Amino acid sequence: MILVDCIGQLHGYAEGELIENLNSVDITNYTIEKQGLEIKQFENGRGQIKINIAKKIPLADVSNTYITISDLEELKQYLVGDGMAQKSVGNIIFNKNGYGENVVVFVGEKNNLTQNTYRSILSILQVMFQTEKVVDYFERNYPNASFNNKQFGGFKIEVNPEKSSIEQNVLGNDNTYQFIRLTIDKSLVNNAIQNGATNENNNNSGKIDTYKKDTSQSSNRLPKTGNNIIMCLSIGVSIIAVLIIIIKIYQYREVK
């Protein structure tokens, strides 16, 4: 890959640009005739690489490329559990680090944050929590690609904050990458997901805010006469209950 990248630099690419691109696309379909690069793997474990040093290997279109759930399969144990995970796909690069319930995830994208960043975050969260409910919870509280600083149950989100040492190592000291940092308390997120699941069981909405709103609207739609009747019945039942208790006490004293 280093050799391929050096040849790419001779053709005008920046250092590392071709490596990043080839890491983000399926290069097994490349041929020496079309792309100037061909990689074959044989059954005996040996491989063969052909490079046309006179040809500029084309960059693939990664404008709609983001980190998918399948891209994270090999990193699953580190996303779910402790340790560090890192991967780059297209113009997107992410890093997760932390132990126990507190982890930090940052996702960077070259030049500008786009839908690809947002979709990558959703993939990372779904693999980390092993449920689609976290995606629903995140989308409701942090609408699609809003990219602003925000804090809600279990999440602290910062857009282009001052870089930590890890972020500098991964993203560089310049502004090539815009990034978003998520500081996550996994226990709080799991609690929020469980609360959302309870509301979903109550009214099949799956959304906490919708559940509360629908409940208040239902009560406001009751006619006033209906409210008065219900109130009178409640008072009547209460009076009867009190009279029964008084009679029982009186009978007990008489027997005694």
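Notes on the structure in this doc start here. Residue indices follow the written sequence of each chain, beginning from 1 at its first position. Only residues with pLDDT of at least 70 are given local features in this predicted model, and only at 80 or more are side-chain atom pairs given and counted; all residues enter the totals for whole chains, interfaces and linings. To get the side-chain values, all heavy atoms of the structure are used, and hydrogens and water are removed first.

## Remarks on the environment of Lys56
For step 1, the next point in the chain: Helix and strand labels come from DSSP, where a helix needs a run of H or I of at least four residues and a strand needs a run of E of at least two; each type is numbered from the N terminus. Position of Lys56 among the secondary structure elements: in the loop between β2 (47-51) and α3 (76-80).
For step 2, the next point in the chain: Overall, Lys56 belongs to the partly exposed group, its relative accessible area being 43%.
For step 3, the next point in the chain: For Lys56, the residues in contact, after removing those within four places along its chain, are His11, Tyr13 and Gln35.
For step 4, the next point in the chain: We define a polar contact as two N or O atoms separated by no more than 3.5 Å, with the added condition that, inside protein, one atom must be a possible hydrogen donor and the other a possible acceptor, whereas residues neighbouring each other in sequence contribute only through side-chain atom pairs. In this structure the side chain of Lys56 is engaged in a polar contact, spanning 3.4 Å, whose partner is the backbone oxygen of His11. Three labels apply to residues, based on accessible area from a 1.4 Å probe with only protein chains included: buried if under 20% of the type maximum, exposed if over 50%, partly exposed otherwise in between. In what follows, residue pairs with any heavy atoms lying within 4.5 Å of each other are defined as contacts.

## Observations regarding the pairing of β2
For step 1, the next point in the chain: Pairing of strand β1 (residues 37-41) with β2, which is carried by five bridges, proceeds in the antiparallel orientation. Paired with Lys40 across the bridge in β2 is Gln48.
For step 2, the next point in the chain: Here, a strand pair is defined by DSSP locating no fewer than two bridges between the strands. Hairpin connection from β1 to β2: five residues lie between these consecutive antiparallel strands, with Gly45 at a positive phi of about 95°.

## Points about helix α4 (residues 115-129)
For step 1, the next point in the chain: Under the 1.5 Å per step criterion, the end-to-end length of α4 is 21 Å for 15 residues, consistent within 8% with the ideal 21 Å.
For step 2, the next point in the chain: Of all 15 residues in α4, 13 are buried; the element is thus mostly enclosed.
For step 3, the next point in the chain: At the exit of α4 stands Gln130, carrying a positive phi of roughly 60°. What a helix is expected to span follows from its residue count: subtract one and scale by 1.5 Å.

## Section: the packing of aromatic side chains
For step 1, the next point in the chain: A pair of aromatic rings is counted whenever rings of Phe, Tyr or Trp (Trp by its six-membered ring) have centres within 6.5 Å, and the orientation is called stacked for planes under 30 degrees apart, edge-to-face for over 60 and tilted otherwise. On inspection of all chains with the given rule, the structure shows eight aromatic pairs.
For step 2, the next point in the chain: Measuring from centroid to centroid gives 6.1 Å for Tyr118 and Phe138, while their planes differ by 45°, and the two rings are tilted. Taken together, the residues Tyr118 in helix α4 and Phe138 in helix α5 (residues 133-141) connect sequence positions 20 residues apart.
For step 3, the next point in the chain: For the ring pair Phe138 and Tyr142, a centre distance of 5.5 Å and an interplane angle of 45° mean the geometry is tilted.

## Points about the packing of α4 against α5
For step 1, the next point in the chain: Contact pair α4 / α5: the axes reach a minimum separation of 8 Å and the direction vectors enclose 140°. The orientation of α4 relative to α5 falls into the category oblique. Pair α4 / α5 crosses with right-handed handedness. Judged by residue contacts, Tyr118, Ile121, Leu122, Leu125, Gln126 and Phe129 of α4 engage Val134, Val135, Phe138 and Glu139 from α5. Where helices are involved, their axes are fitted lines through C-alpha atoms of the stretch in contact, as for all axes, and angles between N-to-C directions lie from 0 to 180°. An angle below 35 degrees is read as roughly parallel, one above 145 as roughly antiparallel, one from 65 to 115 as roughly perpendicular, and any other as oblique. Each helix crossing is assigned a hand: it is left-handed if the near helix lies turned anticlockwise from the far helix by less than a right angle, otherwise right-handed if that turn is clockwise.

## Here we look at the pairing of strand β3 (residues 85-89)
For step 1, the next point in the chain: Burial of β3 is one-sided: the residues Ala85, Lys87 and Val89 facing one way are buried, the residues Gln86 and Ser88 facing the other way are not.
For step 2, the next point in the chain: Relative to strand β4 (residues 92-99), β3 is paired through five bridges, and the arrangement is antiparallel. If you follow Val89 over to β4, its bridge partner there is Ile92.
For step 3, the next point in the chain: In sequence, β3 turns back onto β4 through a hairpin of two residues, with Gly90 there showing a positive phi of about 60°.

## Focus on the environment of Gln151
For step 1, the next point in the chain: In this fold, Gln151 is placed in strand β6 (residues 150-152).
For step 2, the next point in the chain: We classify Gln151 as exposed; its relative accessible area is 61%.
For step 3, the next point in the chain: In this structure the C-alpha to C-alpha distance between Gln151 and Thr183, which are 32 residues apart in sequence, comes to 9.4 Å.

## Some words on the nonpolar core
For step 1, the next point in the chain: Remark: nonpolar core denotes a set of buried residues (Ala, Val, Leu, Ile, Met, Phe, Trp, Tyr, Cys) joined through side-chain atoms within 4.5 Å. Ranked by internal contacts, the top residues of the largest apolar core, which has 35 residues, are Phe94, Phe138, Phe155 and Ile184.
For step 2, the next point in the chain: When residues of this core are assigned to their parent elements, the largest contribution, eight residues, is made by α4.
For step 3, the next point in the chain: In this structure, Leu22, Ile27, Tyr30 and Leu37 belong to the second largest nonpolar core, which totals eight residues.

## Section: unusual backbone geometry
For step 1, the next point in the chain: One non-glycine residue with positive phi stands out, namely Gln130, at about 60°.
For step 2, the next point in the chain: With respect to the helices and strands, the residue Gln130 is situated in the loop between α4 and α5.
For step 3, the next point in the chain: Overall, Gln130 belongs to the partly exposed group, its relative accessible area being 45%.
For step 4, the next point in the chain: Even without being glycine, Asn160 reaches a positive phi, approximately 50°.
For step 5, the next point in the chain: Along the polypeptide, Asn160 turns up in the loop between β7 (155-159) and α6 (165-171).

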